[in-house]
Amino acid sequence: IENKQPTETVSPLPPVGEALASWEYPEFMQFERGWLWYLIAGLVTAGMAAYAIWDQNWLFLIIIVFATLIFALANMRQPERLHVIITNKGVILRDKFLAYQDIRNFWMIYQPPMVKSLYFEPRSFFITRLHIHLEDQNPVDIREMLLQFLEEDFSKEEEPQSELFGRLLKL
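1. Looking at the sheet that holds strand 1 (residues 19-26)
- The strand order across the open sheet built from four strands is 1-2-3-4, with neighbouring strands paired in antiparallel fashion. Single-partner strands in this sheet number two, and they are strand 1 and strand 4 (96-99). If you compare each strand with its neighbour and ignore which way they point, the axes differ by 15 degrees on average.
- Relative to strand 4, strand 3 (residues 90-93) is paired through four bridges, and the arrangement is antiparallel.

2. Section: the layout of surface pockets
- Approximately 860 Å³ is the volume attributed to the largest pocket.
- Contributing to the lining of the largest pocket are 35 residues, with Glu27, Phe28, His131, His133 and Glu163 lying nearest its centre.
- Of all elements in the fold, only helix 2 (58-74), strand 3, strand 4, strand 6 (115-122), strand 7 (130-133) and helix 4 (161-168) reach the threshold of two or more residues within the lining of the largest pocket.
- Take the lining of the largest pocket: its biggest share by element is four residues, from helix 4.
- By residue class, the composition of the lining of the largest pocket is 18 nonpolar, seven polar and 10 charged.
- Empty space within the second largest pocket amounts to approximately 450 Å³.
- Lining the second largest pocket are 17 residues, and of these Trp37, Ala41, Thr45, Phe71 and Leu171 sit closest to its centre.
- Among the elements of the structure, helix 1 (35-54) and helix 2 are those that each provide at least two residues to the lining of the second largest pocket.

3. Topic: the pattern of salt bridges
- Enumeration over the complete set of coordinates arrives at eight salt bridges.
- One salt bridge connects Arg94 with Glu27, and the closest N-O pair in it is separated by 3.4 Å. Highlighted residues: Arg94 in the loop between strand 3 and strand 4 and Glu27 in the loop between strand 1 and helix 1, separated in sequence by 67 residues.
- According to the relative accessible area criterion, Glu27 is partly exposed, its value standing at 26%.
- The partner of Glu80 in a salt bridge is Arg94, and the shortest N-O contact between them spans 3.9 Å. Here Arg94 lies in the loop between strand 3 and strand 4 and Glu80 lies in the loop between helix 2 and strand 2 (81-87), a separation of 14 residues in the sequence.
- By relative accessible area, which is 39% here, Glu80 ends up partly exposed.

Reading guide: rules and limits
Residues numbered from 1 in each chain as written. Predicted model: local features only at pLDDT ≥ 70, side-chain atom pairs only at ≥ 80, totals over all residues. Heavy atoms only, no water. Pairing = 2+ DSSP bridges. Helix = DSSP H or I, 4+ residues; strand = E, 2+ residues; numbered from the N terminus. Axes fitted to C-alpha atoms, helices over the stretch in contact; angles between N-to-C directions. 1 Å grid on protein atoms, 1.4 Å probe; cavity = no way out; pocket = protein on both sides within 12 Å on 5 of 7 lines; lining within 4 Å. Points joined across faces, edges and corners; volume = space filled by probe spheres on them. Nonpolar A, V, L, I, M, F, W, Y, C, P; charged D, E, K, R; others polar. Salt bridge = Lys/Arg side-chain N within 4 Å of Asp/Glu carboxyl O. Buried < 20%, exposed > 50% of the residue type's maximum accessible area, 1.4 Å probe, protein only.

Below, the structure written as structure tokens:
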């Protein structure tokens, strides 16, 4: 007779409090690109490569080749679904926990149907801004939840330029 001991599940996260909201969203946006987009992108890339060769700027040429390869490989895969949980102690994204004490503030940009985003600005210089898509979440409810723990930054009224250009250029 085997004596089976109950197995314990070990959570990689510390106690993170009570979950207040939870949802999933895609890791990145997938854009519909027509043949014209690919034609223009190819011409721009070829033009930059030709300039790099003409200028004998081999480092620039290598950067163009690698950027093109990375872009092509990244667009071959489907976006992963990211799970976010807002708790009374912080925010969990994937398996990472960011405590409210480590977050300077938050802001929302809500311009449906294209932009429904929640941003967290960390206190640490070494942690990047956290961008979370709200999907079908009610932004008013999420805002009221977060205001209990964080300050809202009203100075940010537009999405960051990098995300705006990425969306407009379908990158």
